[in-house]
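Residues per chain, in single letters:
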Amino acid sequence: MTKSRHIYWLLLPGLLFLTVFMLVPIILTIGSTFVQEGRPTLDGYLHFFKDAYFNKILLTTLKVSLLTTLICIVLGYPVAFYISRLGKRPKAILLALSIFPLLTSPVVRSFSWMIILGRNGLVNQFLTGIGIVDKPLEILYTPSAMIIGMVHLFLPLIIITLVGVMENVDYELIRAAESLGASRFTALRKILFPLTIPGLIIGSVLVFVGSLTAYTTPALLGGKERVISTFLYQNAMTLNDWYLASVIATIMIVITLIIVALMNKAAVKLNPKG
């Protein structure tokens, strides 16, 4: 019992730090949105959701975040499966290469994509050079450019998460299913996929939340195309409207909590046995 109490005391500094520097500011930010000029109000939220421009920004943000997450899942799952089957040395090399985008400054990475996706960039030069298009495509400063940049940024998160889960899967189960007549695809779908759902959910949450709150990549690759993070920055730092900025921040927090809850429910439904 005494040893157990000592363990709890060791947690106290970390809990105090999180409470003072994370929990309290979040509570104060959310609380400030329900009070304006000394009276309780919901005007900030009503104004936000009644404004077509604000709703467009919110829908664009959700679309970009969801598409980024789906693309990362589609690209990351087979890569993680391949890496998890390798020996220690090649696995370490490929994991290091996978993590490399996270070690690069988001500003440098975004400017690189601006060069690649611009009207005179490498993509348009290639497409016009081989005759697929007659004139350069408008890729830069669109939601598509933001998605490309954020897939590049967040794909390593889902690869790393899935590799960690797939390493612990007993592949003898897949071989047993194949020996009983199941095709390779069926064995992977009915055995590997359910066993990797926890890692897939965690990776998806990390990618979605990261995409929802990312600022540098959308600001540089999106141009005038607003997402909720750049809109928040504009209201707080340019327009000095801290009340609306707090409303936007609260909406981001609520969306994050809803997505996490939905993904947890999906995980339970897809893999009831945990």
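Predicted, not measured: the structure shown is a model, and the values here were computed from it.

### Digging into the packing of helix α8 (residues 172–179) against helix α9 (residues 184–195)
Move 1: Interhelical geometry of α8 versus α9 gives an angle of 145° and a closest axis separation of 9 Å. Between α8 and α9 lies a crossing whose hand is right-handed. For the pair α8 and α9, the contacting residues are Leu173, Ile174, Ala177 and Glu178 in the first and Arg184, Ala187, Leu188, Ile191, Leu192 and Leu195 in the second.
Move 2: Taken together, the residues that form the contact of α8 with α9 break down as 8 nonpolar, no polar and 2 charged.

### Side note on the nonpolar core
Move 1: Core analysis: the largest hydrophobic core is formed by 29 residues, its most contacted members being Cys72, Phe154, Ile158, Leu162, Met166, Tyr171 and Leu192.
Move 2: Listing elements by their share of this core, those giving two or more residues are α3 (52–84), α7 (143–166), α8, α9 and α10 (197–213).
Move 3: The biggest single contributor to this core is α7, with 12 residues.
Move 4: Not counting residues within four places of it along the chain, the set of residues in contact with Phe154 comprises Cys72, Val207, Gly210, Ser211 and Ala214.
Move 5: Val205, Met252, Ile255 and Met263 belong to the second-largest nonpolar core, a separate cluster that totals 22 residues.

### Overview of the packing of aromatic side chains
Move 1: As enumerated under the stated definition, the model contains 9 aromatic pairs in all.
Move 2: Note on Phe17 and Phe21: the rings are 4.9 Å apart at their centroids and 40° apart in plane angle, and the pair reads as tilted. Placement of both Phe17 and Phe21 in helix α1 (residues 2–32) is noted, with a separation of 4 residues, approximately one turn of the helix.
Move 3: Taking relative accessible area as the criterion, Phe21 reaches 57% and is therefore assigned exposed.
Move 4: When the ring of Tyr77 is compared with that of Phe193, the centres are 6.3 Å apart and the planes differ by 50°; the resulting orientation is tilted. Linking Tyr77 in helix α3 with Phe193 in helix α9, this pair joins segments that are 116 residues apart in sequence.
Move 5: Taking relative accessible area as the criterion, Phe193 reaches 30% and is therefore assigned partly exposed.
Move 6: Among the aromatic residues, those joined into a ring-pair cluster are Phe48, Phe49, Tyr53, Phe54 and Phe231.

### Considering unusual backbone geometry
Move 1: Even without a glycine there, the phi angle at Tyr141 is positive, about 65°.
Move 2: Counting through the fold element by element, Tyr141 comes out in the loop between α6 (122–129) and α7.
Move 3: A positive phi angle, near 60°, is found at Asn240, a position not held by glycine.
Move 4: Position of Asn240 relative to the elements: it lies in the loop between α12 (228–238) and α13 (242–270).
Move 5: Exposure remark for Asn240: the relative accessible area of 55% places this residue in the exposed category.

### Comments concerning α9
Move 1: Taking 1.5 Å of rise per residue, 12 residues should cover 16 Å, and α9 covers 16 Å from first to last C-alpha, within 8% of that figure.
Move 2: Next to the buried residues of α9 lie α3, α8 and α10.

### As for empty space enclosed by the protein
To find leftover empty space, a probe the size of one water molecule is rolled over the atoms.
Move 1: For the structure shown, the criterion picks out 1 cavity of 30 Å³ or more.
Move 2: The volume enclosed by the largest cavity comes to roughly 30 Å³.
Move 3: The set of elements that each furnish at least two residues to the lining of the largest cavity consists of α3 and α10.
Move 4: At 3 residues, α3 tops the list of elements feeding residues into the lining of the largest cavity.
Move 5: Of the residues contributing to the lining of the largest cavity, the split by class is 5 nonpolar, 4 polar and no charged.

The rules behind these values
- Throughout this document, residue positions are counted from 1 along each chain, in the order its sequence is written.
- With pLDDT at 70 or above as the cut-off, local features in this predicted model cover only qualifying residues; side-chain atom pairs require 80 or more to be listed or tallied, and sums for whole chains, interfaces and linings still use all residues.
- Side-chain measures here rest on the full set of heavy atoms in the structure, leaving out hydrogens and waters.
- Geometry is summarised by axes, namely lines fitted to C-alpha atoms with helices restricted to the contacting stretch, and by angles between N-to-C directions that run from 0 to 180 degrees.
- Comment: elements are numbered from the N terminus, with helices defined as DSSP H or I runs of at least four residues and strands as E runs of at least two.
- What makes a crossing left-handed is the near helix being turned counterclockwise from the far one by less than a right angle; a clockwise turn instead makes it right-handed.
- Here, residues are in contact when the closest pair of their heavy atoms is within 4.5 Å.
- Amino acids are sorted into nonpolar (Ala, Val, Leu, Ile, Met, Phe, Trp, Tyr, Cys and Pro), charged (Asp, Glu, Lys and Arg) and polar (every other residue, Gly among them).
- Each nonpolar core is a collection of buried residues, namely Ala, Val, Leu, Ile, Met, Phe, Trp, Tyr and Cys, held together in the definition by side-chain atoms within 4.5 Å.
- Throughout, exposure labels follow a simple rule: accessible area from a 1.4 Å probe, protein chains only, divided by the maximum for the residue type, with under 20% read as buried, over 50% as exposed, and the rest as partly exposed.
- Ring geometry is summarised as follows: Phe, Tyr and Trp rings, the Trp one being its six-membered ring, pair when their centres sit within 6.5 Å, and such pairs are stacked at plane angles under 30 degrees, edge-to-face over 60 and tilted between the two.
- For a helix, the expected span equals 1.5 Å multiplied by the residue count minus one.
- A cavity, in this analysis, means grid points on a 1 Å lattice covering only the protein atoms where a 1.4 Å probe fits yet has no way out; a pocket is instead an open set bounded by protein on both sides within 12 Å along at least five of seven lines, and a residue lines either one if it has an atom within 4 Å of a point.
- Grid points are joined across faces, edges and corners, and a volume is the space filled by probe spheres set on the points.

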